[in-house]
Amino acid sequence: MLEHLVAAAGSVFSPLGLLLMFLGSLIGTIVGALPGLTATMAVAILLPITFGVPVDLAIMLMLGIYCGAMNGGTVSAVLVNVPGTPAAIMTGLDGYAMAQRGEGGKAIGIAAIGSFYGGIFSNIILIIFAPILAAVALKFAAPEYFALAFFGLVSIATSTTKSPVKGAVSVFLGLLISVIGLDPVTGVDRFSFDNPEMMSGLNFVPVMIGLYGLGEVLMQVHQSEYGRKITQQIKGLLPTWQELKGLHGIFLRSSVIGTIIGALPGEGATIAAFMAYTDARQNSKHPEKFGTGVIEGVASCETANNAVTGGSLIPTLTLGIPGSGTMAVMMGAFMMHNVIPGPMLFKEQPELVYSIFMSLAVNNVFMLIIGLAGARVFARMISIPMNMLLPIITALCIVGSFAVTNTYFSVLTMIVFGILGYLMRVFEFPTAPMVIGVVLGPLAEVSLRRSLLMSHGSLAIFFTRPGSLAIFLLTAIYFSWPFLKRLLARKPDEVVA
Amino acid sequence: MTSIYRDKNFLSGAAIFILSIFLYKGSEAIPATEKLLLMRASFFPLVISIGLFICGVTLLTLPFIRKKVDLLSLPGGKDMLVLLIFIAFIYLYIYTMEFLGFILGTLLYLLLSMLLLCVKNKIQGLLLALGVTVVIYFIFVTFLKVPFPAGLLGF
Amino acid sequence: MLRIGKTTNLLLALILLLTVAVTGCSSGKQQGATSGQGEKKEQGSAAGEKFPTKPISFIIPYAAGGGSDVAARLIAQLSEKPLGQSIVPTNVEGGASATGLTQLATAKNDGYTIATCTSTIAALKPQGRMPYSSQDYEPVIGYQANTYAVGVPKNSPFKTIEEFIDYAKKNPGKLNVGVSSIGSNIHLSAVALEMETGIKLNFVPDPGGAAKGILELAGGNLDAAIGGPNEFFSQIQAGNVRLLAVMSDKRNEAFPDVPTFKEKGINLEFMTIRFILAPKGTPEERIKILHDAFKKGMEDPKFKEYIKSSGSDEFYQDYKSAKEYMKKQDDYYYKLLEKANLLKKK
């Protein structure tokens, strides 16, 4: 084992290896910060270039981009409330509110530290528990996924405190978007109005860019706030030790959530961020402050979505099933180099596995450096007056949504959802539940119907399988916990400030 | 309560109510290929339409129950005009890009919109618009090979 | 904080808006991004002239990073040298390749715009997803094929494909088989299996492709799953899954022990084939030049290596035979879609 470790360290810490990872992190951060560009796209475009490169170096570059993109998505979410990647949607809630107070730099700093924590945590878990987690993931089938999606949908219902009815409308609209197109389970057409592009369903990314990017811009114009200029604090970017100490619990819980969700195959970062945010609020002493710019809000989702990076390597490496879109592309890169990810990889090529673990850790360090060093630069960037910034953001939204599919249709989608996002803001509907509805909708619907197909129509499948039964029970306990706690404890716990 | 027609909840409730009716009709029209309702392609759309119906009715009646209106505030005449022109510029930007080309179109769009939003420092605005156009062009066209239209000047 | 007062600014903006609108109208209708702004459907110039003199734009109608994207990008990269011009790939995604192929159909037929497609093209028109069929294009080359295999869990009672089919015959609709979305190639290959053997299976589709089905298969939650042989690879290595048969014409290089359906006396051959297409009416000499370049790209050792490592099959049809081949494919797909009740209702 030791010799493999040394050999792996040799390639990871070689000057070329370090340079590639740093470059990857940098490219990833830029790509992540621009709406419409995803890590999957960047990795896919670099793929042909890596044909002639040794596999471990290629993977280092790709992991760098993957980690960097998570980080970059945060930056634009915090600064202008336009999440660069779907995973950063929840970050925008509190991060943007902080930036409005001039604390944008601090929010990015906290996000970088949280991401680092989550990344390292999931990496350690990956090293120690990968085979066990893989065995658990193998037991997961449609009923368990439905139970999980059900948990997610229930948690949105409880997460909107301001106006539950409007929150529910937002969720239903999100679910509605997710059913458009040919139904994957029966092949019948739903609400596509015979438009060939809508038949394959609405692409999620332009929808998100519209709701968050253009919607926000139009709202700012509506409020005539474009003459405003927010002076960002450039000093005191680093959170204090005291603040970090207070966040420790959130870092840990969110890392666990992110790693578990990441270990299940499927695009998990958005869901993980959402669940961590809900969890942080549920366990907070001041849940009502969430959404007004609290550091816990930023820390929880950023830790979780980055913990997914390590987590999603688990199914990729151990089961040979990609854990996310980016992982699917990376798996293609593995195969092209005649490396077959899967249970045998650990036995046959331990050196490669170790170098993946190590480069993931190094990439997390780079990400922390770029995040903290960049916080200052980024904070300066939005000291540009709003009336110059708003047209620039709009142009980026248009260019970004075009780049998703290279068609005008996605630009049109973006604009329609931009106007919807604007109307939702005017009428005070929350937008985050809608996006979660879009993400969870297909998972809930397809896994419900798949389960019933498997059981030939019997609902008993959800309760006879230990996995799904356990998740349903946990859901019930988790959401009744605040009430149970009140019932059980006569006097409130001691509050330590 | 004449101001009810400008109440946020009432207006959005009415829109959602109408949407839910159309959705219900649309869901019923989806062909049923399975015996069990839960497994049909129309099951989720039906749930959504019923959910939206309940929410819509709740929002419609909310101002009557609370006996309080939550007035919708739209910007005044001139501000509203700015908003509409801002949206029109977006449309024009996309529509004319094929003809003007990416660089010229983007530059023009940025400058016009900045002008519309009353940028004070014109020099800074011009430089910024130029810089942003070049940076976007470099990242999207040169590096990522996104096929933006070339337009009359060939770039 | 509110300071819009400059009516002059507003007026100026309005005037500019008008002028932009006027010039915008004169530019005419928008075309696809790659189609350029010349008038379309103009016959290419006479024979013997030099082609190509500028880069070729190559539409990939799928998302970046997928199987079709990787194969197309690779062949484009390897064919640039023999062609003597660069081939610029662009992903135009949407409508299960209908968006990109529609763009190709309306592009100028001068040979400078081409696209890749898969056998999916045969399913688009009958399903009402695109007004064009394969016969509305000029094929350049057929360059690669992907087949599908039937896999079962390691402790499955079925040791051979015959046992599987026998059981399915006696118990129609009882076997749970994982496939990808209804109407996709993997699903249609399963319909072909039903049609050729007269069995009835219970499909459990997943929009994410074969991956989830294979995972559930490995966990013992499904009776069988259908997917690309390479998608099963790691689970076969781990001993969780066995393959019963592949649908290609000859055995897969990566799985020499797995028989084909043909060997077992079942008339089933199903492959997803990747072609390169040009718009209808593209001059034949230009098609030939393109074909020759791509043929050289196919012969590159790198491409052969890719075919092997991705578990796909070698496949080649020249520009003359491909058209006939695609016509046959269209007819077969029509039958499959009819059986699966997926034809567009008139």
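Residues numbered from 1 in each chain as written. Chains lettered and ligands numbered in written order. Predicted model: local features only at pLDDT ≥ 70, side-chain atom pairs only at ≥ 80, totals over all residues.

Student: I would appreciate a short explanation of the overall build of chain B in the present structure.
Tutor: Secondary structure summary: chain B contains 5 helices and 0 strands in total. Overall, chain B shows an N-to-C arrangement of helices and strands of α-α-α-α-α. Taken over the C-alpha trace, chain B has a radius of gyration of 24 Å; the compact-globule value for 155 residues is 15 Å, which it surpasses by more than 25%. Over its C-alpha atoms, taken along the principal directions, chain B stretches across nearly 60 × 50 × 20 Å. Within chain B, counting contacts between residues at least 6 apart in sequence, those at least 24 apart form 67% of the total. (Helix = DSSP H or I, 4+ residues; strand = E, 2+ residues; numbered from the N terminus. Rg over C-alpha atoms; globule rule 2.2 N^0.38 Å. Contact = placed C-beta atoms within 7 Å.)

Student: Sorry if this is basic, but what is going on with the interface of chain C and chain A here?
Tutor: In this complex, chain C contributes 50 residues to the contact, which on the side of chain A involves 49 residues. Here the side of chain C that touches chain A is built from residues that sort into 21 nonpolar, 20 polar and 9 charged. (Nonpolar A, V, L, I, M, F, W, Y, C, P; charged D, E, K, R; others polar.)

Student: Got a minute to help me understand the confidence of the model for chain A in this structure?
Tutor: Parts of the prediction with low pLDDT should not have their coordinates interpreted in detail. For chain A, mean pLDDT is 82; residues scoring 70 or higher make up 92% of the total. Averaged over each element, pLDDT in chain A is lowest for helix α15 (residues 345-348) of chain A (74) and highest for helix α18 (residues 408-426) of chain A (93). (pLDDT = per-residue confidence, 0-100.)

Student: I keep staring at helix α3 (residues 39-46) of chain A and nothing clicks. Help me out?
Tutor: Along an α-helix, residues three or four positions apart point the same way, because every turn accommodates 3.6 residues. Among the 8 residues of α3 of chain A, 7 are classified as buried, and the element is accordingly described as predominantly covered. Those residues of α3 of chain A not exposed but buried are Ala 39, Thr 40, Met 41, Ala 42, Val 43, Ala 44 and Ile 45 of chain A. Buried residues in α3 of chain A make contact with α2 (15-33), α4 (55-80) and α14 (325-336) of chain A together with α2 (67-83) of chain C. (Buried ≥ 20, exposed ≤ 12 C-beta atoms within 10 Å, placed from the backbone.)

Student: Where do I start with the domain arrangement of chain B in this structure?
Tutor: Many descriptions give the size of an interface as the accessible area lost when the pieces come together. Structurally, chain B comprises domain 1 (2-66) and domain 2 (77-143). The C-alpha-based centres of domain 1 of chain B and domain 2 of chain B are spaced at 39 Å. (Domains from an automatic or database assignment.)

Student: How should I be thinking about the sheet that holds strand β1 (residues 56-60) of chain C in this particular structure?
Tutor: Strands belonging to one sheet form pairs held by backbone hydrogen bonds; the direction of such a pair is parallel or antiparallel. Residue and element names in this part refer to chain C. One open sheet accounts for 5 strands, arranged β2-β1-β3-β10-β4; its pairing is mixed. Looking along the sheet, the strands with just one partner apiece sit at the ends: β2 (87-91) and β4 (137-147). Strand-to-strand twist across the sheet, computed as the mean angle between neighbouring axes with direction ignored, equals 20°. Looking at chain direction, β1 and β2 are connected through 5 bridges and run parallel. Within β2, the residue paired with Ile 60 across the bridge is Asn 91. On top of the sheet, α2 reaches β1, β2, β3 (113-117), β4 and β10 (271-279); it is set at about 165° to β2, its chief contact. Along the sheet face, helix α11 (residues 319-339) touches β4 and β10 and points at about 70° away from the line of β4. (Pairing = 2+ DSSP bridges. Axes fitted to C-alpha atoms, helices over the stretch in contact; angles between N-to-C directions.)

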